[in-house]
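Observations on chain architecture
Residue strings, one per chain:
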Number of protein chains: 2
Amino acid sequence: MFAKTQKVVPKDELSISSQYLIKASLVNKLTAGVYTYLPLGLMTLKKIENIIRQEMLKLDAQEILMPSLTPKELWETTGRWQTFSELYKIKDQSKKEYALAATHEEVIVPLIKNFIKSYKDLPLGVFQIQNKFRSELRAKSGLIRGREFIMKDLYSFHLDENDLNDYYNKVIQSYHNIFKRCGIGDLTFLTLSSGGTFSKYSHEFQTISSAGEDTIYLCNNCKQAINKEISTEQKKCSNCGNPKLEQKKSIEVGNIFKLMDKYSRPFNLNYQDKTGENKIILMGCYGIGLGRLLASVVEINHDPEGIIWPKNLTPFQLHLLDFDNQSFSKNYYQQLQTEGFTVLYDERELSAGQKLKDADLLGISVRLISSAKTKEKLEIKYRSESKTKIIDFKTLINELKHYYFNV
Amino acid sequence: MFAKTQKVVPKDELSISSQYLIKASLVNKLTAGVYTYLPLGLMTLKKIENIIRQEMLKLDAQEILMPSLTPKELWETTGRWQTFSELYKIKDQSKKEYALAATHEEVIVPLIKNFIKSYKDLPLGVFQIQNKFRSELRAKSGLIRGREFIMKDLYSFHLDENDLNDYYNKVIQSYHNIFKRCGIGDLTFLTLSSGGTFSKYSHEFQTISSAGEDTIYLCNNCKQAINKEISTEQKKCSNCGNPKLEQKKSIEVGNIFKLMDKYSRPFNLNYQDKTGENKIILMGCYGIGLGRLLASVVEINHDPEGIIWPKNLTPFQLHLLDFDNQSFSKNYYQQLQTEGFTVLYDERELSAGQKLKDADLLGISVRLISSAKTKEKLEIKYRSESKTKIIDFKTLINELKHYYFNV
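Residues numbered from 1 in each chain as written. Chains lettered and ligands numbered in written order. Predicted model: local features only at pLDDT ≥ 70, side-chain atom pairs only at ≥ 80, totals over all residues.

1. Some thoughts on the domain arrangement of chain A
Where the parts come together, the accessible area they lose is often given as the size of the interface. Segmenting chain A into domains produces domain 1 (16-303) and domain 2 (316-405). When each unit is reduced to the centre of its C-alpha atoms, the spacing between domain 1 of chain A and domain 2 of chain A is 38 Å. (Domains from an automatic or database assignment.)

Written as structure tokens, this is what we have:
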């Protein structure tokens, strides 16, 4: 691991998550709102990516990869070349103008128009997991609001409003699965919010955190919430009518919109119904920022010593520390990998104290220690607990298989 | 599969590979040099990505993900803000200037400077697989020369020239493995070429193809080549001295450079040697364009009917066509997946002829047909062969396991 832990964090990093992510060298800051993912950070990012991809495939959505260089004409068709103030605009050598895609409606709608003609082709879900660019005026919240960031966006295409509503409800369940698997399910709530210009309301997924930029009113009865921005209209739970709502700071970790015909109409994205009549296709879109999700997980899973990764996102499954140049610790390192675990092995010539400090900062879910004291056994400690125990290798393997693979 | 095969290809697509990739709907053209990867194209792209990643990890290289938005100052430090004419330049809302990374030396060198201090940290290999942007004046060769494209770049960091040379030779072997696994090993040759400004020679990997923009002189004795651009200096094989060289058109599918101190010096990337003295770190860099590699594979693996995927890159392993609404074909579809194969199932209400035509165009390595004629058996045909045979399901599974899993 070339990316060693750091003592100093850039002064303008205000969020706890970016301070820990930078100190643990999971990410490195290039400039405001722009980060490099270092090896451990990229490992966690890919775990999030895989969870999201699996849940998207369960919805029968199909994955594509769209470009970032997008011609000006597409953004003029929807009017966003002028109105989207965070759009990065760019010219090539021949003076042709592009926007760096801040979102991809302007690409996917004309793309889909090439392929979808008939009611038989609908409904359809298509998703992407890739970079987006937004020229944010303030980018002070680390990975929570970046100028360049990785998003999953799912776009759905429908016959009519019923078809859209059915799909929208399935995506709500899929999002609950994603946040649960990422270890923040208990603190993440479906939240009614303003729908912008194209529908009265939309939904967000808000995770309770003191680092949040949003405020929600949470119903402890049905576990749904309302964003403060629409709370003047809505004084009770929109789902169960409960008037006792609790005010909380929160981070928006996902959002879902019924786009209706907002983008299909400017591009004339139509289909032929059973009678041969042309009808407009209705759309939904469903976003999750992967870097923001990663940072949110850190915001709500840390202690004064460092990060506490949920087991599905831990960059390595095991962190094996060798203290006294134990002859068999290298064997254990090999055997643990043979048993199917990913292992970060700390055999550096440093003090036990420094290794323990780094292990707490990195936050790998399970720490193992091989030392003169443990002899041929190993000490195991879960990052989320304080107690340690020394057990023999066979018992350890059984415990770890139960913890990670449920066997 | 929403992305159906196409009859019409954009007129300005000159290369055979982009014509087939667009007709088969593996990619979609957004504008010159800018493409969307559709589901089947993305599947093949990811197979290439995995092969490359595995070979990089065998070199003990560590993976990171760098941003595309890179501050102007970095490019001024190396002088490339003025001299790199393909650099896309961009301003944000506060008028801060960035380049869209066309390559990442200007990001990785200052990054590594944060972490590498001592001779003990070297040698080091770090790689990325991600988008790059180049404002190419002409972008007429499809995925072979894009304005936005996906590259693997490996950067290596060294104590001295011997250390760099050792690593460089290991990468040559790694690249041979990659091209072999991608099915173009027999036609791909290590080629001596001009080194640009920082060393007299460098090496490219050139794949023989009539679609190539390059010309090489190939030695049939030792299977190495010389790029025509340096052939006035070098009239015989640089490796074995053979004076009989064969002229061939070729595509550059990889390049490797000894950067020496070209980028480490402007950023003062130093290390402390054993005596405590500060020395400059030497660098190598090693690129492969994934889209270009994918297109090159198509350039040399097609027939008049369509693509012929090598088995390691085929988007699905099996293409199962059902002709006569056979009741058991859906069972076979399930069972083939249970046996561990990825299967594209064509149960569309189209004629047998249309399905066969699409199968040839898509080029999936193995085609299976279930029809009234095959009864409870299946017809198998390899895309690269012309003969077909009808065999029972158990025999089929054994044959396929041997073909794909070597068991």
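Once the structure has been displayed, the description carries forward.
2. A word on the environment of Asp12 of chain A
Residues and elements named next belong to chain A. Considering the arrangement of structural elements, one finds Asp12 in the segment before helix H1 (16-23). According to the C-beta neighbour criterion, Asp12 is exposed, with 11 such atoms within 10 Å. The sequence separation of Asp12 and Ala139 amounts to 127 residues, and the corresponding C-alpha distance is 9.7 Å. (Helix = DSSP H or I, 4+ residues; strand = E, 2+ residues; numbered from the N terminus. Buried ≥ 20, exposed ≤ 12 C-beta atoms within 10 Å, placed from the backbone.)

3. What to know about unusual backbone geometry
In this chain, Leu122 of chain A is followed by Pro123 of chain A through a cis amide linkage whose omega measures -5°. Take Pro123 of chain A: it is sitting in the loop between helix H5 (105-113) and strand E7 (124-133). For Ser25 of chain A, which is not a glycine, the phi torsion comes out positive at approximately 55°. In this fold, Ser25 of chain A is placed in the loop between H1 and strand E1 (27-31). Even without a glycine there, the phi angle at Asp60 of chain B is positive, about 65°.

4. Some details on the sheet that holds strand E6 (residues 97-100) of chain A
Residue and element names in this part refer to chain A. Strand order in the open sheet made by the 3 strands is E4-E6-E5, with antiparallel pairing throughout. The open sheet has two edge strands with one neighbour each: strand E4 (69-71) and strand E5 (88-91). Going from strand to strand, the sheet's axes swing by 40° on average, the running direction of each strand aside. Across 3 bridges, the pairing between E4 and E6 is antiparallel. (Pairing = 2+ DSSP bridges. Axes fitted to C-alpha atoms, helices over the stretch in contact; angles between N-to-C directions.)

5. Considerations on the interface of chain B and chain A
Listed per partner, the contact involves 42 residues of chain B and 42 residues of chain A. Those elements giving two or more residues to the side of chain B that touches chain A turn out to be strand E1 (27-31), strand E2 (34-37), helix H2 (39-58), strand E3 (62-63), strand E4 (69-71), strand E5 (88-91), helix H5 (105-113) and strand E7 (124-133) of chain B. Each residue belonging to the side of chain B that touches chain A can be placed in one class, and the counts come to 25 nonpolar, 11 polar and 6 charged. (Contact = placed C-beta atoms within 7 Å. Nonpolar A, V, L, I, M, F, W, Y, C, P; charged D, E, K, R; others polar.)

6. Things to note about the pairing of strand E8 (residues 148-158) of chain B
Residue and element names in this part refer to chain B. E8 sits mainly inside the fold: 10 of its 11 residues count as buried. As defined by bridge partners, E7 adjoins E8 across 10 bridges and the pair is classed as antiparallel. Residue Asn131 lies in a different strand from E8, and its bridge partner there is Ile150. Alignment of E8 against strand E16 (residues 282-289), held across 8 bridges, turns out to be antiparallel. Within E16, the position partnered with Asp153 by the bridge is Gly287.

7. Focus: the packing of H1 of chain A against helix H7 (residues 290-300) of chain A
Residues and elements named next belong to chain A. Direction vectors running N to C along H1 and H7 enclose 100°, while the axes themselves pass 8 Å from each other. When the axis of H1 is compared with that of H7, the two are roughly perpendicular. Every residue of H7 that contacts H1 at Ile16, Ser17, Ser18, Tyr20 and Leu21 is listed here: Ala295, Val298 and Glu299. Here the contact of H1 with H7 is built from residues that sort into 5 nonpolar, 2 polar and 1 charged. (Parallel < 35°, antiparallel > 145°, perpendicular 65-115°, else oblique.)

8. Considerations on the packing of H2 of chain B against helix H7 (residues 290-300) of chain B
Residue and element names in this part refer to chain B. With their axes 10 Å apart at the nearest point, H2 and H7 run at an angle of 110° to one another. The angle between H2 and H7 falls in the class roughly perpendicular. For H2 against H7, the interelement crossing comes out right-handed. In this structure, H2 contributes Thr44, Leu45, Ile48 and Glu49 to the contact, and H7 contributes Leu290, Leu293 and Leu294. Of the residues belonging to the contact of H2 with H7, the class tally is 5 nonpolar, 1 polar and 1 charged. (Left-handed = near helix turned anticlockwise from the far one by under 90°.)

9. Some thoughts on helix H6 (residues 161-181) of chain B
All names here are of chain B. Under the 1.5 Å per step criterion, the end-to-end length of H6 is 30 Å for 21 residues, consistent within 8% with the ideal 30 Å. Within H6 the residues assigned to the buried category are Leu164, Tyr167, Val171, Tyr175, Ile178 and Phe179. Buried positions in H6, seen along its axis, are confined to an arc of 115° and lie on one side of it. When the buried face of H6 is taken as reference, the exposed residues oriented beyond 90 degrees from it are Asn162, Asp166, Asn169 and Gln173. Tucked into the core, H6 has its buried residues touching H2, E8, strand E9 (188-194), strand E10 (201-208), strand E13 (246-260) and E16. Downstream of H6 by one or two residues, Gly183 has phi in the positive range, about 85°. (Expected span 1.5 Å × (residues − 1). Arc of directions from axis to C-beta.)

10. Some details on the relation of the copies chain B and chain A
Each copy of the sequence occupies a distinct position, and chain B is placed on chain A by a rotation of 180° and an axial shift of 0.0 Å, giving an RMSD of 0.0 Å. On this basis, the relationship between the two copies can be described by a two-fold rotation axis. Minimal C-alpha distance to the rotation axis in chain B is attained by Ile90 of chain B, lying at 2.9 Å. When the interface residues of chain B are mapped onto chain A, 100% of them again lie at the interface, so the same face is used by both copies. (Least-squares fit on C-alpha atoms with pLDDT ≥ 70 in both.)

11. Focus: H1 of chain A
Residues and elements named next belong to chain A. Residues of H1 that are buried: Ser17, Ser18, Tyr20, Leu21 and Ile22. The inward-facing, buried residues of H1 contact E1, helix H2 (39-58), H7, strand E17 (302-303) and strand E18 (306-307). Directly after H1, the chain includes Ser25, whose backbone phi takes a positive value near 55°.

12. Some points on the nonpolar core
Within the largest apolar cluster, 203 residues are counted, with the highest numbers of intra-cluster contacts made by Leu21, Ile48, Cys182 and Leu294 of chain A together with Leu21 and Leu294 of chain B. When sequence neighbours within four positions are dropped, the list of residues in contact with Leu294 of chain A reads Thr44, Leu45, Ile48 and Leu143 of chain A. (Core = buried A, V, L, I, M, F, W, Y, C linked by C-beta atoms within 7 Å.)

13. Considerations on the environment of Pro304 of chain A
For Pro304 of chain A, the location among the structural elements is in the loop between E17 and E18. Sequence separation between Pro304 of chain A and Leu361 of chain A is 57 residues; the distance between their C-alpha atoms is 8.9 Å.

14. Comments concerning the pairing of E16 of chain B
All names here are of chain B. For E16, a buried count of 7 out of 8 residues is recorded, marking the element as mostly surrounded by other parts of the structure. Note: E13 against E16, 5 bridges, orientation antiparallel. Counted as the bridge partner of Ile256 is Tyr286 from E16.

15. Considering the sheet that holds strand E23 (residues 389-391) of chain B
All names here are of chain B. Ordered in space as E20-E19-E21-E22-E23, the 5 strands form an open sheet in which the pairing is mixed. Looking at which strands have only one partner, the edges of the open sheet turn out to be strand E20 (343-346) and E23. Across the sheet, the mean angle from the axis of one strand to that of its neighbour is 25°, orientation sign disregarded. Bridge count between strand E21 (residues 366-370) and strand E22 (residues 378-382): 4 bridges; the pairing is antiparallel. When the sheet's bridge partners are listed, Ile369 is paired in E22 with Glu379. Along the sheet face, helix H8 (residues 329-338) touches strand E19 (318-322), E20, E21 and E22 and points at about 170° away from the line of E19. Together, E21, E22 and E23 form the strand contacts of helix H10 (residues 393-405), whose direction differs from that of E22 by roughly 20°.

16. Regarding the environment of Val298 of chain A
Residue and element names in this part refer to chain A. Along the chain, Val298 falls in helix H7. The exposure class assigned to Val298 is buried, which follows from the 28 C-beta atoms found within 10 Å. Between the alpha carbons of Val298 and Trp309 there is a distance of 7.4 Å; along the sequence they are 11 residues apart. Val298 has contacts with Ser17, Tyr20, Leu21 and Ile307, leaving out every residue within four places of it along the chain.

17. Looking at the confidence of the model for chain A
Low pLDDT marks stretches whose predicted atomic positions should not be read closely. When pLDDT is averaged along chain A, the result is 95, and 99% of the positions lie at 70 or above. The ipTM assigned to the predicted complex is 0.96, against a pTM of 0.97. (pLDDT = per-residue confidence, 0-100.)

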